[in-house]
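# Structure at a glance
These are the residues of each chain, in order.
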Amino acid sequence: MPYPGVGSNGGDARSRAISAEDKTPVSTIGAGEPRALSRRDVHAILTGAVVSMFLAALDMTIVAPALPTIARDLGQFSAISWIFTAYLLSSTAVTPIFGKLSDLYGRRLLLLSGLAIFMVGSLACALAPSMVMLIMARAVQGIGGGALLSLPNAIIGDVVSPRERGRYQGFFASVFAISSIAGPVLGGVFAERFSWTLIFWINLPLGLLAIYISARALARLPVTNRPHQIDYAGSLLVAGATVSFLLALTWGGHRYPWLSAPIAGLLLVTLLLGFLFVWRQRVAEEPILPLSLLANPSFRLTSILGLTLVLLNTSVTVYVPLFLELTRGLTAEAAGLVLIAPMISTVGGALIAGQYQRFTGRFKLPPLIGLGLSAVALWLLGQEIEVLSLIQVVACLAVIGMGMGTGFPTALVVCQNSVDPRDLGIATGGHVFFRSLGGAIGVALFSAIILGILHSRLHLAGGTVGDDLTGILHEGVLKPSDLPVVASAFAAFFEVAAAIALATTGAVALLKEVPLRGHAPAGAPAE
C-alpha cells in the first residue's frame, strides 16, 4: 500500500515499480523502460520548479509600491487596486484546475503552458496603453501565475519522501518569501529610478530561463497514460464562485456599502455556485476537488493554516511599506528595503522547520513557537506603533517573518502526507487555492479596516480619503495633522493581524502529529 503524500503525475501503482532485489524506487519516463531518478535528477527537477514559482510569487507583490506611479502615467487613480486584485482573482480561481489537470496530463506540460501564458500576460502588461488594458493583461498573467504557484509544490511530492519533503519545502518557502518580499523592493526601485514597465519586461528573460530549465529538467518526471475525463462544469463553477466571492470582498466597503444590493447579490451568487459545485463534485466521475479531501481533517486544518499564513504574509508585505511611507516618511524604495529583515528571517524559519522535520520526523514544535512569537510581535507593533523606533519595527518584522517561515513548509508537507498518491496534484492545487484565497481576503479585509478608520476619523476632523486605500498616497490627500489618525488605523491592522496569528497557532496545535515516513517515493533517489 503506498504511503500518503507521495505521488506521480496522476499515476497509480501501475505507474511505478520497485525492484525486488534492492527495493530501489524507479520511475516510468516517457515510453522507455523504468529507471531510478538520481539525486542529480531530483535537484534538476526542483530547480526548474523553483524558478517558475519565483516568477509567480514575485508578481504578486512587485506592483504594490509602483501603483501611484502607474496611476499618474495611465490615469484612473481610483482603479489602481485592480492591478493587484485582477492578478489575485485569476490566479486563485485557476489553481485547483491546474492541479487536477496536472494529475491527468503531467506536471511538465501544465507548467510549461502556465509559463507561456504568464509571459504573454507580462508582455501585454508592459505594452498596455491604458489602465483598463493593464488590468485585463494582469488577469491573463494571473492565469499563468496560478499554474506556477501550485504545480511546483506538487512536483516536490512526486520526487521526495514525506520526511525529506520538509527540507525541500523549506527551500521552496524561502524562495516564495524572498520573491514576495523582494517584489516591493524591486517595484519601488524600478518605479523611482527607471520605468514601471520594467516590472513586466523583466519577466520575459526570466520566463525564457524558466522554460529552458523546466523543459529539460521536468522531462525526467514520470509520465503516465490512463483514461481520464475533465470536469469542465466543476472547473467553471469553482472559478465562478471564487471570482464572485473575491469581487464581494474587494468592492465591499469601497465601491459599495457592505449591506448594499450589489454585494449581497455577489454573495448570493457565490453561495449558489458553491452549492452547485458541491453537487457536481458528488456526481462527477473525476471531480476537480473530491469531497473526500474536504472530509479529511488534516486537509481541512492545513487549508485553514495555509489561508491564514498567506493572509498574514501578503498583508504585511503590502501594508507595511505603506505604513512606513505614510507615518515614517520613507520613500517607496526605502520602505521596500525594510522588508529585507522579514525576508531573511522567513528563510531562516523555513529552513529550521524543514530540518526539524527531516531529523525528527515530526513537525509541530517549530510553527507552534514561531507563530506564537509572531503574534506577540504583531501585538507589540499595534500597541506601541507611535513610540517604536525604526530599528525596533524592523526587529518585530524579523520575528514575524521567522514565525511565518516555520508555518509554510509545515502546512504543505502535512497536507500532501495526508492524501492518496493519485490525488497529490488535486490536494496541492486545493491547498494553494486556499493560500491564494487567503492573500485576496487579507488585502480586502485590512483595506476595509484601515479605510474604515480613516473615513470615520478624518471625516470628523475635516480630512478627506478616497475610496481606495492606495489613494491615500495621492499628493494632497493627507495633511500632517492627519498622521495620528493614520497611525491609529495601522495600529488596528497590526492588532487584528496578531489575533489571526494567534488563531493560526491554534490551528497548528489541533493538527494530529503523525510521524512523517522516511521512505523515498517513486522516482526519488534511494538514500
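## Let's talk about the overall build of the chain
When helices and strands are tallied, the chain shows 18 helices and 2 strands. Sorting the 527 residues of the chain into buried and exposed places 62% on the buried side. Partitioning the intrachain contacts of the chain with sequence separation of at least 6 by distance along the chain shows that 83% fall at a separation of at least 24.

## Some remarks on the nonpolar core
A general trend in soluble globular proteins is that nonpolar side chains are found buried together. Counting residues in hydrophobic clusters, the biggest one holds 137 residues, and the most contacted among them are Leu-134, Tyr-319 and Phe-490. Among the elements that take part in this core, helix 12 (residues 297–327) stands out by supplying 16 residues, more than any other.

## Brief notes about the packing of helix 12 against helix 18 (residues 483–510)
The description of two packed helices rests on the angle between their axes and on the distance between the axes. The interhelical angle for the contact between helix 12 and helix 18, taken along N-to-C directions, is 160°, at an axis separation of 10 Å. Comparing the axis directions of helix 12 and helix 18 gives the class roughly antiparallel. The element helix 12 and its partner helix 18 pack so that their crossing is left-handed. Here the contact of helix 12 with helix 18 is built from residues that sort into 23 nonpolar, 4 polar and no charged.

## Focus on the packing of helix 12 against helix 16 (residues 390–417)
Following both chains from N to C, one finds helix 12 and helix 16 inclined at 155°, their axes separated by 9 Å at the closest point. Taken together, helix 12 and helix 16 sit at an angle that is classed as roughly antiparallel. In this structure, helix 12 crosses over helix 16, and the sense of that crossing is left-handed. Two secondary-structure elements touch here, helix 12 through Phe-299, Thr-302, Leu-305, Gly-306, Leu-309, Val-310, Leu-312, Asn-313, Val-316, Val-320, Phe-323 and Leu-324 and helix 16 through Leu-390, Val-393, Leu-397, Met-404, Gly-407, Phe-408, Ala-411, Val-414 and Cys-415. A per-class count over the contact of helix 12 with helix 16 returns 17 nonpolar, 4 polar and no charged.

## Focus on helix 14 (residues 340–360)
Taking 1.5 Å as the rise per residue, helix 14 with 21 residues should run 30 Å; its terminal C-alpha atoms sit 30 Å apart, in good agreement. Those residues of helix 14 that sit buried are Ala-341, Pro-342, Met-343, Ser-345, Thr-346, Val-347, Gly-349, Ala-350, Ala-353, Gly-354 and Gln-357. Where helix 14 ends, the next residue or the one after it, Gly-361, has phi of about 75°, a positive value.

## Focus on the packing of aromatic side chains
Any pair of aromatic rings gets described here by the distance separating the centres and the angle formed by the planes. Considering all chains together, one arrives at 7 aromatic pairs under this definition. Judged by centre distance (6.3 Å) and plane angle (85°), the ring pair of Trp-196 and Phe-200 falls under edge-to-face. The interplanar angle of 90° and the centroid separation of 4.8 Å between the aromatic rings of Phe-446 and Phe-493 together place this pair among those described as edge-to-face. Linking Phe-446 in helix 17 (residues 424–460) with Phe-493 in helix 18, this pair joins segments that are 47 residues apart in sequence.

## Some details on the confidence of the model for the chain
For the chain, mean pLDDT is 75; residues scoring 70 or higher make up 76% of the total. Within the chain, the lowest mean pLDDT, 34, falls on strand 1 (residues 16–18), and the highest, 92, falls on helix 15 (residues 365–383).

## A look at the environment of Ala-264
Relative to the elements of secondary structure, Ala-264 occurs in helix 10 (residues 261–283). For Ala-264, a relative accessible area of 44% corresponds to the partly exposed category. Remark: the alpha-carbon pair of Ala-264 and Ala-248, spanning 16 residues in sequence, is separated by 8.0 Å.

## Remarks on a nonpolar patch on the surface
Together, Leu-123, Leu-127, Phe-194, Leu-198 and Trp-201 give the surface a local cluster of nonpolar side chains, amounting to about 470 Å² of exposed area. Its place among the elements puts Trp-201 in helix 7 (residues 198–201).

Reading the values: rules and limits
- Residues numbered from 1 in each chain as written.
- Predicted model: local features only at pLDDT ≥ 70, side-chain atom pairs only at ≥ 80, totals over all residues.
- Heavy atoms only, no water.
- Helix = DSSP H or I, 4+ residues; strand = E, 2+ residues; numbered from the N terminus.
- Buried < 20%, exposed > 50% of the residue type's maximum accessible area, 1.4 Å probe, protein only.
- Contact = heavy atoms within 4.5 Å.
- Core = buried A, V, L, I, M, F, W, Y, C linked by side-chain atoms within 4.5 Å.
- Axes fitted to C-alpha atoms, helices over the stretch in contact; angles between N-to-C directions.
- Parallel < 35°, antiparallel > 145°, perpendicular 65-115°, else oblique.
- Left-handed = near helix turned anticlockwise from the far one by under 90°.
- Nonpolar A, V, L, I, M, F, W, Y, C, P; charged D, E, K, R; others polar.
- Expected span 1.5 Å × (residues − 1).
- Phe/Tyr/Trp six-rings, centres within 6.5 Å; stacked < 30°, edge-to-face > 60°.
- pLDDT = per-residue confidence, 0-100.
- Patch = residues over 30% accessible without salt bridge, like charges linked within 9 Å, V, L, I, M, F, W, Y side chains within 5 Å.
- Areas by Shrake-Rupley, 256 points an atom, 1.4 Å probe, with all protein chains shown as cover.
- Salt bridge = Lys/Arg side-chain N within 4 Å of Asp/Glu carboxyl O.

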